[in-house]
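Below are the chains, spelled out letter by letter.
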Amino acid sequence: VTITTRLLVSHLSGIRHYEKDITKVKEEKEKANRALKLTKPYQDKEQKEKEGKGTEKADSVKPRKEHEGEVKSRNSKPGRRDKEFEQEEYYLKEKFESVIESLKIFKNDPLFFKPGDQFLYSTYGFTLLSAVVERASGQKFADYMLKMFHDLDMLSTVLDDNEAMIYNRARCYVYNKKGRLVNAPYVDNSYKWAGGGFLSSVGDLLKFGNALLYSYQAGQFKNTNGKLLPGYLKPDTVAMMWTPVPKTEVSWDRDGKYAMAWAVVEKKQQYGCCRQQRHYASHTGGAVGASSVLLILPEELDSEAVDTGLVAPPRGVIVSIICNMQSVSLNSTALKIAREFDKEKWAQ
């Protein structure tokens with residue numbers, strides 16, 4: 001088979017996640033699909049009733065399950081124990097000196113399906129991706145990423161290295177089997193730097209979101225008399241990253257599809273004066289003792305403002321939430337916050 005980097009970033013590679021038993025994975029997917037089929041008629045009926053009453057559609061978004069996709073917490077009590085976190089490999093304590101070395105965890109395991117055929121979220125797919133980055137750049141993955149974070153002015157974003165002294169590092173928490181709050185167990189994330197091994201701050205994630213949104217919109221602003229600096233990435237690159245990929249799915253947002261390392265909801269409105277679906281990109285994060293989300297809601301730019309240069313990028317709303325608690329569903333909260341700020345802007 002051939003596994004490309006595009007398949008890796010869209011989780012279509014066939015490489016396993018933490019569950020090694022393909023039968024269990026298939027059973028979980030079938031169960032999730034059945035649940036979706038059962039709830040969809042009710043959701044559609046509820047939506048039509050609300051539309052008939054002329055209610056605000058933006059507030060009808062239901063909480064979705066999410067994973068580091070590594071968390072499944074649909075309609076759950078915040079911080080409750082999750083089956084996902086019962087996988088032993090979440091709690092590895094072994095120190096890996098390089099991303100190449102960490103490939104040994106899964107390199108001899110069979111693929112769960114032919115690459116490109118099905119979607120399966122895989123942290124190990126991103127471990128392989130980090131090895132590709134390391135070989136292609138000729139630098140250690142950590143060095144390459146830290147240089148990039150420095151360029152983006154994300155000075156609080158570092159490796160979650162247990163041995164390093166990291167200023168203001170937060171303590172993480174979980175609920176035990178009795179439902180009591182306890183300190184999160186010791187883990188070593190050196191086996192998955194790319195898929196869940198960085199520490200950051202809300203401010204740094206906002207800078208990251210702004211850099212992407214600026215890059216995405218920079219090409220749309222024509223008459224700036226050369227005063228507009230280029231984005232960190234080319235506009236076409238971000239547009240490609242935020243374009244839904246066929247055969248993918250998103251567990252934490254039923255309106256979305258997976259793109260390239262991002263979940264994306266496309267702009268859509270099927271009926272006049274009815275529910276509008278705005279274009280936005282987001283990703284949740286979940287690890288032992290922590291949950292997070294970064295959501296980017298680009299502004300629908302007015303052509304006159306863009307042409308006259310009255311405004312400059314980035315234009316939109318970015319929501320960043322970091323929580324030092326395991327299994328907290330945050331995407332729906334972030335979306336509600338983004339919509340409130342967006343609504344307030346247009347009200348002015």
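Residues numbered from 1 in each chain as written. Predicted model: local features only at pLDDT ≥ 70, side-chain atom pairs only at ≥ 80, totals over all residues. Heavy atoms only, no water.

- Named according to an unreviewed UniProt entry, the chain is LACTB protein originating from Lophotis ruficrista.

Some remarks on the overall build of the chain
1) Next: Helix and strand content of the chain: ten helices and nine strands.
2) Next: The burial tally for the chain puts 44% of its 348 residues in the buried class.
3) Next: The contacts in the chain between residues at least 6 apart in sequence include a share of 67% that link residues at least 24 apart.
4) Next: Split by element, the accessible area of the chain, about 19000 Å² in all, is 53% carbon and sulfur. (Helix = DSSP H or I, 4+ residues; strand = E, 2+ residues; numbered from the N terminus. Buried < 20%, exposed > 50% of the residue type's maximum accessible area, 1.4 Å probe, protein only. Contact = heavy atoms within 4.5 Å. Areas by Shrake-Rupley, 256 points an atom, 1.4 Å probe, with all protein chains shown as cover.)

Some details on the pairing of strand β8 (residues 290-298)
1) Next: Counting buried residues in β8 gives seven out of nine residues, a clear majority hidden from the surface.
2) Next: With seven bridges connecting them, strand β7 (residues 280-287) and β8 associate as antiparallel partners. Looking across to β8, one finds that A287 is bridged to A290.
3) Next: Here β7 folds back onto β8 in antiparallel fashion, the turn holding two residues, of which G289 has a positive phi close to 85°. (Pairing = 2+ DSSP bridges.)

Considerations on the environment of Q87
1) Next: Mapped onto the elements of the fold, Q87 is located in the loop between α2 (22-52) and α3 (99-102).
2) Next: Sequence separation of Q87 and Y18 is 69 residues, and the distance between their C-alpha atoms is 6.3 Å.
3) Next: Excluding residues within four positions of it along the chain, Q87 makes contact with Y18 and E19.
4) Next: At 3.0 Å, the side chain of Q87 and the side chain of E19 are in polar contact. (Polar contact = N/O pair within 3.5 Å; in protein donor to acceptor, adjacent residues only side chain to side chain.)

As for the packing of aromatic side chains
1) Next: Using the criterion set out here, one finds 13 aromatic pairs in the structure.
2) Next: Each ring, one from Y18 and one from Y124, has its centre 5.5 Å from the other, and the planes form 75°; the classification is edge-to-face. Remark: Y124 occurs in helix α4 (residues 123-137) and Y18 occurs in the loop between α1 (5-9) and α2; sequence separation between them is 106 residues.
3) Next: Through a chain of ring-to-ring contacts, three or more aromatic side chains come together here, namely Y18, F85, Y90, Y91, F106, Y124 and Y191. (Phe/Tyr/Trp six-rings, centres within 6.5 Å; stacked < 30°, edge-to-face > 60°.)

Some remarks on the pattern of salt bridges
1) Next: A full pass over the atoms with the stated rule returns 14 salt bridges.
2) Next: As a salt-bridge pair, E94 and K104 come within 3.2 Å of each other at their nearest N and O atoms. Residue E94 is located in the loop between α2 and α3, and its partner K104 is located in the loop between α3 and α4; the two are separated by ten residues in the primary sequence. (Salt bridge = Lys/Arg side-chain N within 4 Å of Asp/Glu carboxyl O.)

So, the environment of C323
1) Next: Of note, C323 is situated in strand β9 (residues 316-323).
2) Next: Among the residues examined, C323 registers a relative accessible area of 21% and is labelled partly exposed.
3) Next: The sequence separation of C323 and S292 amounts to 31 residues, and the corresponding C-alpha distance is 5.9 Å.
4) Next: Residues in contact with C323, not counting those within four places in the same chain, are G289, A290, S291, V328 and L330.

Details of helix α7 (residues 202-218)
1) Next: With 17 residues, α7 should cover 24 Å at 1.5 Å per step; its first-to-last C-alpha distance of 24 Å lies within 8% of that length.
2) Next: Those residues of α7 lying buried are D204, L205, G209, A211, L212, L213, Y214, S215, Y216, Q217 and A218. (Expected span 1.5 Å × (residues − 1).)

Here we look at unusual backbone geometry
1) Next: Between P313 and P314 the backbone carries a cis peptide bond, its omega angle lying at 0°.
2) Next: Note on placement: P314 falls in the loop between α9 (303-308) and β9.
3) Next: Residues other than glycine seldom take positive phi values, yet N168 does so here, at roughly 65°.
4) Next: Tracing the sequence through the fold places N168 in the loop between β1 (158-159) and β2 (173-175).
5) Next: Of the residues examined, N168 reaches a relative accessible area of 66% and is grouped as exposed.
6) Next: With a phi angle near 60°, C273 is a residue other than glycine that sits in the positive phi range.

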